[in-house]
Amino acid sequence: MSFWRRMFSADFRRAIAAEAAGDYAEAARGYALSGSRIKVAEMHFLRAQAAPSAEGKLTELRASTRWVDAEGRRHGAAGEEARALRRKIAGALFDWARESAVRGEVERAAVKEAAQLFDGAQDSANAGECYEYLGDTAAAADAYERAGAIDRMEQILERTESLRRSRADLSECYRTFQLHWSSGERDRALEVISAFLDEAANSADIAAEVQGIRAEVALLTPKILSYGKVLLRASGREILYVGNGTVTLGREPICALTLRDVGISRTHLELSLSASPPQVRELGSKNGSQLNGLPLVGEAPLPERGTVSLGEHCEIAFERQGSCWMLTVTRGLDRGLTARISSSSLDLIGGLKLHFERGRPILSAADGKQILLNGVRAAGSVQLISGDVIERAGERVEVG
């Protein structure tokens, strides 16, 4: 509709009056009926500025965009008035997204719309900022080049290359971590990944990836066994292996033999099996201990075989077998629990040997041949963790 036809249009005159009165909704209807799409877009933009909520503002800005796009589709290349309005809408959309408390898909979509509006308004520099905010470095560099902002383009290309190197380093470190972990070098794996994550802690570019790996490592770390004991299941039997010459019995998880019966103290009894002669010592428990049926006070020599009682409900049979000691719970809640104790290496089925380093259980093959660890070949020794499955020579050992 031409300018003069609009001026003589009752709808157009009514829209002007409504705009002057601040009734932008009525003004938008009048301008729409008179065919003035740019003015409709302006009214929606003004309504966006006064919107009482963030959702309402976004709705009005998008309505403004639709009307200015409709004008462009009808009349081809938009004039300066349309370009100026596009820049205003784009700026408002970009501000809306940056002011939001979250940065989700809705906010990203709004920034993408802003970038397209800036492009449509031939404002490549601001379009580049939008693309950079979205992390689309290729589009941002292209927009900065169109805008003649060569310094900005070079900066973003340099950051892109730096990000590529950081991600490549992280990927290589993570592969090394996985290789060590799956082959049984658990402490080494954690050392490698922890050192890298600490170094990358201040890198905002790969913060999400670093956080994801930290979460994975946090789930794996509790599987590490460090109390100098490990429960193994093989051939239908469960045996607790302890690699220390001095062992404590009680309710505490750090005790070599953790027992659950009522009346057992947190640390109840201590066996010094490497001493000459071996000794048993009462640790001041509340309900006392007995050695071969006699009350135990303080420390006493430990015979080659016999029984110790902890409180009223728990009894443990013990026997020396060469360099090892066998302990079996014969009465109490943990009845049937068997422990093999030695400060030297322990022989297992299938030619496997077990020893402890810094409380970590280390499994190796006596003949030096390979071991299957969780279905993967692992040469040399394996640091066992909870849930491991060891297979060798037709035998299967599970770690409790």
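We now turn to the structure provided with this report. Just so it is clear, the structure is predicted and the values come from calculations on it, not from any experiment.

1. Remarks on the overall build of the chain
Then, number 1: A count of helical and extended segments in the chain gives 12 helices and 21 strands.
Then, number 2: Taking 400 residues into account, the globule formula puts the C-alpha radius of gyration at 21 Å, and the chain, at 38 Å, lies well above it.
Then, number 3: When its C-alpha atoms are laid out on the principal axes, the chain stretches across 115 × 45 × 35 Å.
Then, number 4: Pairs at least 24 apart in sequence give 39% of the contacts found in the chain among residues at least 6 apart.

2. What about unusual backbone geometry?
Then, number 1: Cis rather than trans, the peptide bond between Ser276 and Pro277 has omega equal to 0°.
Then, number 2: Within the secondary structure layout, Pro277 lies in the loop between strand 5 (269-272) and strand 6 (279-282).
Then, number 3: Not every positive phi belongs to a glycine, and Arg358 is a case in point at roughly 50°.
Then, number 4: In this structure, Arg358 sits in the loop between strand 15 (352-357) and strand 16 (360-365).

3. Overview of the sheet that holds strand 2 (residues 237-242)
Then, number 1: Pairing within the open sheet is mixed, and its 12 strands lie in the order 8-7-10-11-12-13-2-1-21-20-17-18. A strand with exactly one partner marks an edge of an open sheet, and here the two such strands are strand 8 (294-296) and strand 18 (376-378). Between one strand axis and the next, the sheet turns through 30° on average, direction left out of account.
Then, number 2: Sheet topology places strand 20 (residues 389-392) next to strand 21 (residues 395-399); four bridges connect them, and they run antiparallel. Bridge assignment links Ile390 to a residue of strand 21, and that residue is Val397.

Cut-off values and rules
Residues numbered from 1 in each chain as written. Predicted model: local features only at pLDDT ≥ 70, side-chain atom pairs only at ≥ 80, totals over all residues. Heavy atoms only, no water. Helix = DSSP H or I, 4+ residues; strand = E, 2+ residues; numbered from the N terminus. Rg over C-alpha atoms; globule rule 2.2 N^0.38 Å. Contact = heavy atoms within 4.5 Å. Pairing = 2+ DSSP bridges. Axes fitted to C-alpha atoms, helices over the stretch in contact; angles between N-to-C directions.

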